[in-house]
Amino acid sequence: MNPIEQLNKVFDSRIRLGIMSSLLVNEKVSFNELKELIGVTDGNLASHLKTLEDNGFLKVQKGFIGRKTNTSYSVTKAGEKAFKQHLDALEKMIRSLQ
Amino acid sequence: METSSFHDLREIRQMMEKSSRFISLSGWSGVAAGCSALAGAFVANGYIKSYYKHAYGSSAACPACLKQDLLVVAALVFISALALAFIFTYARSKKEGVAIWGPSARKLMWSTMLPMVVGGIFILRLMDLQYYSLVAACSLLFYGLALINGSKYTVGEIRFLGYGQVLTGLFCLWFPTNGLVGWAFGFGILHIVYGFTMWWKYERK
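Residues numbered from 1 in each chain as written. Chains lettered and ligands numbered in written order. Predicted model: local features only at pLDDT ≥ 70, side-chain atom pairs only at ≥ 80, totals over all residues. Heavy atoms only, no water.

Student: Kindly report on the overall build of chain A, identifying the contributing residues and their values.
Tutor: Of the regular secondary structure elements, chain A holds 5 helices and 3 strands. Secondary structure elements of chain A, listed N to C terminal, follow the sequence α-α-β-α-α-β-β-α. Oriented by its inertia axes, the alpha-carbon framework of chain A measures out at about 55 × 25 × 20 Å. The buried share among the 98 residues of chain A stands at 44%. (Helix = DSSP H or I, 4+ residues; strand = E, 2+ residues; numbered from the N terminus. Buried < 20%, exposed > 50% of the residue type's maximum accessible area, 1.4 Å probe, protein only.)

Student: Let's hear about the state of the cysteines: which residues, and what values?
Tutor: Residues and elements named next belong to chain B. Here the structure, examined in full by the defined rule, presents 1 disulfide over all chains. The structure places no disulfide on Cys 35, whose sulfur is separated from the nearest cysteine sulfur, that of Cys 172, by 20 Å. For Cys 35, a relative accessible area of 42% puts it in the partly exposed group. Between Cys 138, a free cysteine, and Cys 172, which holds the nearest cysteine sulfur, the sulfur-to-sulfur gap is 10 Å. Accessibility expressed as a relative area gives 8% for Cys 138, which makes it buried. (Disulfide = S-S within 2.5 Å.)

Student: Which residues make up unusual backbone geometry, and what values do they have?
Tutor: Within the chain, Gln 130 of chain B stands out as a residue other than glycine whose phi angle is a positive 65 degrees. Residue Gln 130 of chain B is classed as exposed on the basis of its relative accessible area, which comes to 56%.

Student: Which residues make up the packing of helix α3 (residues 31–38) of chain A against helix α4 (residues 42–54) of chain A, and what values do they have?
Tutor: Residues and elements named next belong to chain A. The N-to-C vectors of α3 and α4 enclose an angle of 110 degrees; their axes lie 10 Å apart at closest approach. Here α4 runs roughly perpendicular to α3, going by the angle between their axes. For the pair formed by α3 and α4, the contact residues are Phe 31, Leu 34 and Lys 35 on the first element and Asp 42, Leu 45, Ala 46 and Leu 49 on the second. Considered class by class, the residues forming the contact of α3 with α4 number 5 nonpolar, no polar and 2 charged. (Axes fitted to C-alpha atoms, helices over the stretch in contact; angles between N-to-C directions. Parallel < 35°, antiparallel > 145°, perpendicular 65-115°, else oblique. Contact = heavy atoms within 4.5 Å. Nonpolar A, V, L, I, M, F, W, Y, C, P; charged D, E, K, R; others polar.)

Student: Any details on the nonpolar core? Residues and values, ideally.
Tutor: If you look at the biggest cluster of nonpolar residues, it comprises 29 residues, and the most contacted ones within it are Phe 11, Ile 19, Leu 34, Ile 38, Leu 49 and Leu 52 of chain A. Counting only elements with at least two residues in this core, the list comes to α2 (14–25), α3, α4, β3 (68–75) and α5 (77–97) of chain A together with α1 (2–20) of chain B. For Leu 52 of chain A, the contacting residues outside a window of four places in its chain are Val 10, Phe 11, Arg 16, Ile 19, Met 20, Phe 57 and Leu 58 of chain A. The next biggest cluster of nonpolar side chains, apart from the first, holds 15 residues, and it includes Ala 37, Ala 137, Leu 140 and Met 198 of chain B. (Core = buried A, V, L, I, M, F, W, Y, C linked by side-chain atoms within 4.5 Å.)

Student: Please provide a residue-by-residue account of the pairing of β3 of chain A, values included.
Tutor: All names here are of chain A. Sheet analysis places strand β1 (residues 29–30) next to β3, joined by 2 bridges and oriented antiparallel. Residue Ser 30 lies in a different strand from β3, and its bridge partner there is Ser 72. Pairing geometry for strand β2 (residues 58–65) and β3, over 8 bridges, is antiparallel. When the sheet's bridge partners are listed, Lys 62 is paired in β3 with Thr 71. Count of turn residues in the β2/β3 antiparallel hairpin: 2 residues, of which Gly 66 carries a positive phi of about 65 degrees. (Pairing = 2+ DSSP bridges.)

Student: Provide a residue-level description of the packing of helix α2 (residues 27–55) of chain B against helix α7 (residues 179–203) of chain B, including the pertinent values.
Tutor: All names here are of chain B. Here α2 crosses α7 at 160 degrees, and the two axes come no closer than 7 Å. By the angle between their directions, the pair α2 and α7 is classed as roughly antiparallel. In terms of crossing hand, the pair formed by α2 and α7 is left-handed. Here the residues of the contact of α2 with α7 are counted per class, giving 17 nonpolar, 7 polar and 1 charged. (Left-handed = near helix turned anticlockwise from the far one by under 90°.)

Student: Let's hear about helix α4 (residues 103–128) of chain B: which residues, and what values?
Tutor: Side chains three or four residues apart in an α-helix point the same way, a direct result of the helix having 3.6 residues per turn. All names here are of chain B. For α4, with 26 residues, the first-to-last C-alpha span of 37 Å sits near the 38 Å given by 1.5 Å per residue. Along its length, α4 reaches its greatest deviation from straightness, about 25 degrees, at Met 113, and the proline Pro 115 lies no more than four positions downstream. Burial in α4 covers these residues: Pro 103, Ser 104, Ala 105, Leu 108, Ser 111, Thr 112, Pro 115, Gly 119, Ile 123, Leu 126 and Met 127. Among the residues trailing α4, Gln 130 stands out with phi positive, at a value near 65 degrees. (Expected span 1.5 Å × (residues − 1). Bend = angle between axes of the 7 residues up to and from the residue.)

Student: Give a detailed account of the pattern of salt bridges, specifying residues and quantitative values.
Tutor: Per the counting criterion, the structure on display carries 11 salt bridges over all chains. With its nearest N and O atoms 3.7 Å apart, the salt bridge here joins Arg 92 of chain B to Glu 203 of chain B. With Arg 92 of chain B in helix α3 (residues 63–96) and Glu 203 of chain B in helix α7, the pair connects residues that are 111 residues apart, well separated along the chain. Side by side, Arg 92 of chain B and Glu 203 of chain B carry an identical accessibility label, which is buried. When the shortest N-O distance is used, the salt bridge between Arg 125 of chain B and Asp 128 of chain B registers 3.4 Å. With Arg 125 of chain B and Asp 128 of chain B both in helix α4 and 3 residues apart, this pair spans about one turn of that helix. Salt bridges here are not isolated pairs; linked through shared partners, they connect Arg 14 of chain A together with Asp 8 and Glu 11 of chain B. (Salt bridge = Lys/Arg side-chain N within 4 Å of Asp/Glu carboxyl O.)

Spelled out as structure tokens, the structure:
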């Protein structure tokens, strides 16, 4: 199979790639922490998170710190699997070009 | 396409590093901490020498005063080392545009502060019981273990600094009269060597 077809379209965006990478190595990451790590605006980040959530790749936990809402995200099993497949596909593509 | 998948992989790696390790820890922080430890050891050495030269055995002898003076020196060293370390690390994270406080910094703080606080309590109790000869060894041991514990969340090489502190601490455990020398070596020299190496390796432009 052509490795390009194995690449997951959802991870096409740099921002979604960044979100998934940081969630894979951390148990959970809050919205604000993601915002700082990736360096994007609230609205932009929220829409990318929504896409990932709709695909079932991440879980959302809503909580409060005092009165402020504090939403944190963690990766689901499906998300982990999809991301690993995407990495494999990237690896294959690089190999095939060497 | 080739450059794009390379780029993607690099991006993924960077984000994994950045989000799980606190990498802005500056080498200069180590050098500064080492210098304040050396200065502290020098002052403490002066206090001890003059105590044994003038006061010891005479009616003016005041071991409690010496103890208090040494504690003040130790506290000043600790505070100035921490403050200087913070300043250099803050400057580096500003320069590189990374946030200083995040999940990785929090994990680093927790994993190093916990063994250090426990060690601090342990040492205070040792002093209570007048086991002064073990103080230098224990401070080096606990500090070394704290660094090894924290190395998962920052530049991994810091564990070598931790091993060095533990070895120095073990040495002091068997040769307690060399406590101050061990202190100057562990907290002073090792910090400076480590800090300089890290600066050379990662920050030198």
